[in-house]
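Chains, contacts and geometry: an overview
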Amino acid sequence: MKKMIEQREIEVNEEGYLLDFSQWDKEIGEKLAEEQNIILTDKHWEVIEYLQDKHRKEEALSIRGIKKSGVINIKEFYSLFPGGPLKKSTLIAGIPKPKSCI
Amino acid sequence: MKNLVILGAGTAGTMMSNHLIKKLPKNEWKITIVDQFKTHYYQPGFLFLPFDIYTTKQVKKKGRKFIPKNATYIQKRIELIEPKENRVILENNEQLSYDILIVATGSKIAPDEIEGMDGPMWYKNIFDFYTYEGAKALRDKLREWEGGKLVVHITEMPIKCPVAPLEFAFLADSYFKHKGMRDKVDITFVTPLGGAFTKPTATKTLHYLLEEKNIKEVTDFNIERVDYENNKIIDYADTEVEYDLLVTVPTNMGDSVIERSGMGDDLNFIPTNKGSLQTLEHENIFAIGDATNIPASKAGSVAHFEAEILTDNILRYIKGEELKEEFDGHANCFIETGNGKALLIDFNYTHEPVEGTFPFPGVGPLRLLKESRANHMGKMAFRWVYWNMLIKGVHIPFVSATMSEKGKHYEKVN
């Protein structure tokens, strides 16, 4: 489905995740974060860049990965993206949330 | 004489030995397969063992029976892979040189990754069912369990056979109903993902199963530790879930030999080209099955499809031809839903499980993403197919390595 952000039309799925990462930019990220009631700080951006880098390399995202990333510890990750940190951070980063096979 | 060495005689390794023995000229290539264990387990059977649906005898056979006679079968521990020297070190410092190496060392559970998991209550009221020992111990526990809070739990992704925990919850519902004690058991499914089902089509068409079976869902739960003294699992957000019986799928990791050899990622899985199955670091080393880091499901059906493609690529590599990046992530799995029914799913890297018919477009007889008795019979028959066709490298009629899009109802891809 289509969604308007900042007068731009982006493709998202039913849960609001971007379908095409190339449509993402920082402005879109900020607006998506606002919708989650999150104001992005430098630390948020560091995490988002880490997630996008993993996405480009087609590496799976996990809490373990975050723990070993050196970017952030897990308690901080939870406090930056309260209530489902991987789910929310991936939505803001414009990449798919971690999934299983069904 | 050149040497092709396969590490691991599980589903993938055994299949590769059977494929390659038929394809490589005997006078030019010696095929060696190494695995320290004598028993070959039918791992899909571990799901049924706890519920007394399968016996222990039905899930294990002597591995040697399935290794081709013309291959050399070495039953020794693998100490180290030395890619620069093109050799493998076995126990007692025995050395094995190779021209081509296929790593099929699989994945294993690592309960020691989570504090308190494999402590004093391991196999008392905390169990896995991803090992023969765990599934058997859990069977004995379930036979005498009088009920309470059953928590079925996934520690972290990726795991082998990602739907098995959900199937376990469905079968538990049936099992306790048949024992006339369902009212005494509270079943909760706890997952680090956003739901028991994570893809839109599957969520839409299958979520009713959880409601129908009265299985509660706790989502986005990233476990930090098991408080085995107070029977609780606790996550990083300090959410607590109480249990009387915890059936967990611990962290899955590649074999420790991969770590010792410096060839793996954080979880000891080997970085591998997802289309060709050549490892990214070494052109004469290939990886298959659960041992790789490719974004396909860790499942026997995936290893089966990979084996056909990897065999072709090994032959191309020997001839000096360019490898083909043909593997599309194809997986094909029966999912038990309890009460003698099952679902069938068919998907790959780019297509989600969809509704339709299988293997014949429009005809079936099996229906995708719909519960049916025929699908359950298919799953039961698969044990025979596994022992008699699959690991022997016999092609399964009408099922191709790459996914067919005919007879399926595709919606948008995410």
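All of these numbers come straight from a predicted model, not from anything done at the bench. (Residues numbered from 1 in each chain as written. Chains lettered and ligands numbered in written order. Predicted model: local features only at pLDDT ≥ 70, side-chain atom pairs only at ≥ 80, totals over all residues. Heavy atoms only, no water.)

1. Examining the environment of K370 of chain B
All names here are of chain B. Following the sequence through the fold, K370 ends up in the loop between β24 (364-368) and α7 (373-390). When the C-alpha atoms of K370 and V385 are compared, they prove to be 22 Å apart, with 15 residues separating the residues in sequence. Filtering out sequence-adjacent residues up to four positions away, K370 remains in contact with A342, L343, E355 and N375. A distance of 2.6 Å separates the side chain of K370 from the side chain of E355, its partner in a polar contact. (Helix = DSSP H or I, 4+ residues; strand = E, 2+ residues; numbered from the N terminus. Contact = heavy atoms within 4.5 Å. Polar contact = N/O pair within 3.5 Å; in protein donor to acceptor, adjacent residues only side chain to side chain.)

2. Description of the interface of chain A and chain B
Each partner contributes residues to the interface: chain A has 22 residues there, and chain B has 35 residues. On the chain A side of the contact with chain B, R64, C101 and I102 of chain A bury the most area, a combined 32% of that side's loss. On inspection of chain A and its partner chain B, the count reaches six salt bridges. For R64 of chain A, the salt bridge identified is with E156 of chain B, shortest N-O distance 2.8 Å. Our count for the chain A to chain B interface comes out at seven residue pairs in polar contact (both at pLDDT 80 or more). Counting only elements with at least two residues in the side of chain A that touches chain B, the list comes to α3 (63-69) and α4 (74-80) of chain A. For the side of chain A that touches chain B, the element with the most residues is α3 of chain A, which contributes five residues. Here the residues of the side of chain A that touches chain B are counted per class, giving eight nonpolar, five polar and nine charged. (Buried area = accessible area lost by both parts, 1.4 Å probe. Salt bridge = Lys/Arg side-chain N within 4 Å of Asp/Glu carboxyl O. Nonpolar A, V, L, I, M, F, W, Y, C, P; charged D, E, K, R; others polar.)

3. Digging into the sheet that holds strand β7 (residues 87-90) of chain B
Strand pairs in the sheet, formed through backbone hydrogen bonds, run parallel or antiparallel to each other. Residues and elements named next belong to chain B. Taken in spatial order, the three strands of this open sheet run β6-β7-β8, and their pairing is antiparallel. The sheet is open, and its two borders are formed by β6 (78-82) and β8 (95-97), each paired with just one other strand. Each strand of the sheet is rotated relative to its neighbour by a mean of 20°, with strand direction disregarded. (Pairing = 2+ DSSP bridges. Axes fitted to C-alpha atoms, helices over the stretch in contact; angles between N-to-C directions.)

4. Digging into the packing of helix α2 (residues 42-56) of chain A against helix α5 (residues 85-93) of chain A
Helix-helix packing is described using two parameters, namely the angle between the two axes and the distance between the axes. Residues and elements named next belong to chain A. It is the contact of α2 with α5, at a shortest axis distance of 9 Å, that shows an interaxial angle of 80°. Taken together, the axis directions place α2 and α5 in an arrangement best described as roughly perpendicular. Contact residues: I48, L51 and Q52 in α2; L86, S89, T90, I92 and A93 in α5. Looking at side-chain class alone, the contact of α2 with α5 contains five nonpolar, three polar and no charged residues. (Parallel < 35°, antiparallel > 145°, perpendicular 65-115°, else oblique.)

5. Some points on the domain arrangement of chain B
Residues and elements named next belong to chain B. Per the domain assignment, the segments of chain B are domain 1 (2-46 + 60-106 + 255-319), domain 2 (109-252) and domain 3 (331-409). Contacts between the two partners involve nine residues from domain 1, matched on the other side by 13 residues from domain 2. Considering only the side of domain 1, the residues that lose the most area to domain 2 are F46, L267 and K298, jointly responsible for 56% of the buried surface there. For the pair domain 1 and domain 2, the interface holds one salt bridge. With its nearest N and O atoms 3.7 Å apart, the salt bridge here joins K160 to D290. The interface formed by domain 1 and domain 2 contains three residue pairs in polar contact (both at pLDDT 80 or more). Residue composition of the side of domain 1 that touches domain 2, by class: four nonpolar, two polar and three charged. (Domains from an automatic or database assignment.)

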